Amino acid sequence: MSLKGKTLFITGASRGIGLAIGVRAARDGANIAIAAKSDQPHPKLPGTIHTAAREVEEAGGKALAMQVDIRDENAVAEAAKKCAEHFGGIDILVNNASAISLSGTLETPMKRFDLMFGVNVRGTYVSSQACLPYLKQSAKAGRNPHILNLSPPLSMKAKWFAPHVAYTMAKYGMSMCVLGMAEEFKHDGIGVNALWPRTVIATAALQVIPLANPKLGRTPEIMADAAHAVLTRDSRCCTGTFYIDEDVLREAGISDFEKYAVKPGEPLHPDLFL
C-alpha cells in the first residue's frame, strides 16, 4: 500500500487537488512530475509549479517542475520524455487539469467552450497518449501502472446537462476516455479509472461557481487519500471504474470524515453530477 519509488505525472498539479495528490504520494517517497501552466504567481490563484515542487520535496518526495500547456501535444510529449529520462520511467498519470464554466448555452462564449474542450478532453487525451508508452513499460516491469482521471461517473440524464451543457460535455469527455482506454489497455495491465468527490472540495475552482461556499465542503486531502487508495490497488484488477472519494475510503476502512471538513459540523454541499 505504498507509492514509494513510483513516478507520477500529474497535470494541473501546481495547486488544489492535483497538488494534494502529489504531496500525498510524496509522503510515501514517490517522484512527482508537476505539469502545469503556472510558472509565475497569479494575482488570483495560489501556487506555481515551483511552490508545488517545494511542497512535494518537503513531504519527502522528489519533484520535477515543468511548465506545460497540456493542449500542446508536442509540449506534452516532450514533458513526458523529460520525466521518464529524469526519473527512469512513468508509472502513474493523473489527469487532473481542468477548465470550468457553469454557464448556459447562450452565456458560454466559444472561447470558453474551446478552453474547456481543449484542457479537459484534448488535454486528457494528449497526456494519456504521451504517457502510455511509458506506462506499458511500467506494466512489463511489474510496477502497477495506472491512469486516474478526475472526472465524474457517466450518466445520460438531461438534468446533468441542462444547466451547463458545454462543461458537462467536456467533463464527460474525460470520463469517456476512462471507459474506452480501460478496455483498450486492460490486456497491457494498465488500470484506467476515474475519481470524483461526493461533496464540494474547497479549491480555487469554487471562485467561478455561483453561491459556492467553501465552508460547506471538504479539503483536497480527501481526494488525495482516495486517489492513493486507488493507485495502490492492483492495476490488472482495478480498471474501468468510476470511483467516488467517500466510497473508496470506506472500502479502505476509513469512516471518520470530519477531519476533511473545512468547517466540522457544518452541512456539506454535494458536488456536481451526484
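For the structure itself, look to the data block above.
What counts as what
- Within each chain, residues carry numbers counting from 1 in the order of the written sequence.
- Only residues with pLDDT of at least 70 are given local features in this predicted model, and only at 80 or more are side-chain atom pairs given and counted; all residues enter the totals for whole chains, interfaces and linings.
- Remark: hydrogens and water are excluded; side-chain values derive from all non-hydrogen atoms of the structure.
- Only protein chains enter the accessibility calculation, which uses a 1.4 Å probe; a residue whose area is less than 20% of its type maximum is buried, one above 50% is exposed, and one in between is partly exposed.
- Here a strand is any run of E in DSSP of at least two residues, a helix any run of H or I of at least four, and the numbering for each starts at the N terminus.
- A pair of strands is considered paired only if DSSP assigns at least 2 bridges between the two.
- A crossover counts as right-handed when, viewed with the strands pointing away from the observer, the path leading from the first strand over the helix to the second turns clockwise.
- A fitted line through C-alpha atoms serves as each axis, taken over the contacting stretch for helices, and the angle formed by two N-to-C directions is quoted from 0 to 180°.
- By the convention used here, residues are in contact when the closest approach between their heavy atoms is within 4.5 Å.

So what exactly am I meant to see when it comes to the pairing of strand β2 (residues 31–36) here?
Remember that side chains alternate between the two faces of the sheet whenever the strand is regular. Buried residues dominate β2, accounting for 6 of its 6 residues. Both faces of β2 are covered, namely the face carrying Asn 31, Ala 33 and Ala 35 and the face carrying Ile 32, Ile 34 and Ala 36. Looking at chain direction, strand β1 (residues 7–11) and β2 are connected through 5 bridges and run parallel. When the sheet's bridge partners are listed, Thr 7 is paired in β2 with Asn 31. Since β1 and β2 lie parallel, the crossover through helix α1 (residues 16–26) that links them has a hand, and here it is right-handed. Taken together, the 6 bridges between β2 and strand β3 (residues 62–67) define a ladder with parallel strand orientation. Paired with Ile 34 across the strands is Ala 65, a residue of β3. For the handedness criterion, the β-α-β arrangement of β2, helix α2 (residues 49–58) and β3 is classed as right-handed.

Can you walk me through the sheet that holds β1 in this structure?
Two pairing modes exist for strands in a sheet, parallel and antiparallel, and in both the strands are linked by backbone hydrogen bonds. Across the sheet, which stays open at both edges, the 7 strands sit in the order β3-β2-β1-β4-β5-β6-β7 with parallel pairing between neighbours. Each having just a single partner strand, β3 and β7 (242–244) make up the two edges of the open sheet. Between one strand axis and the next, the sheet turns by 20 degrees as a mean value, whatever way the strands run. Across the sheet, helix α6 (residues 165–184) touches β4 (92–95), β5 (146–149), β6 (191–196) and β7, and the angle it forms with β6 is around 150 degrees.

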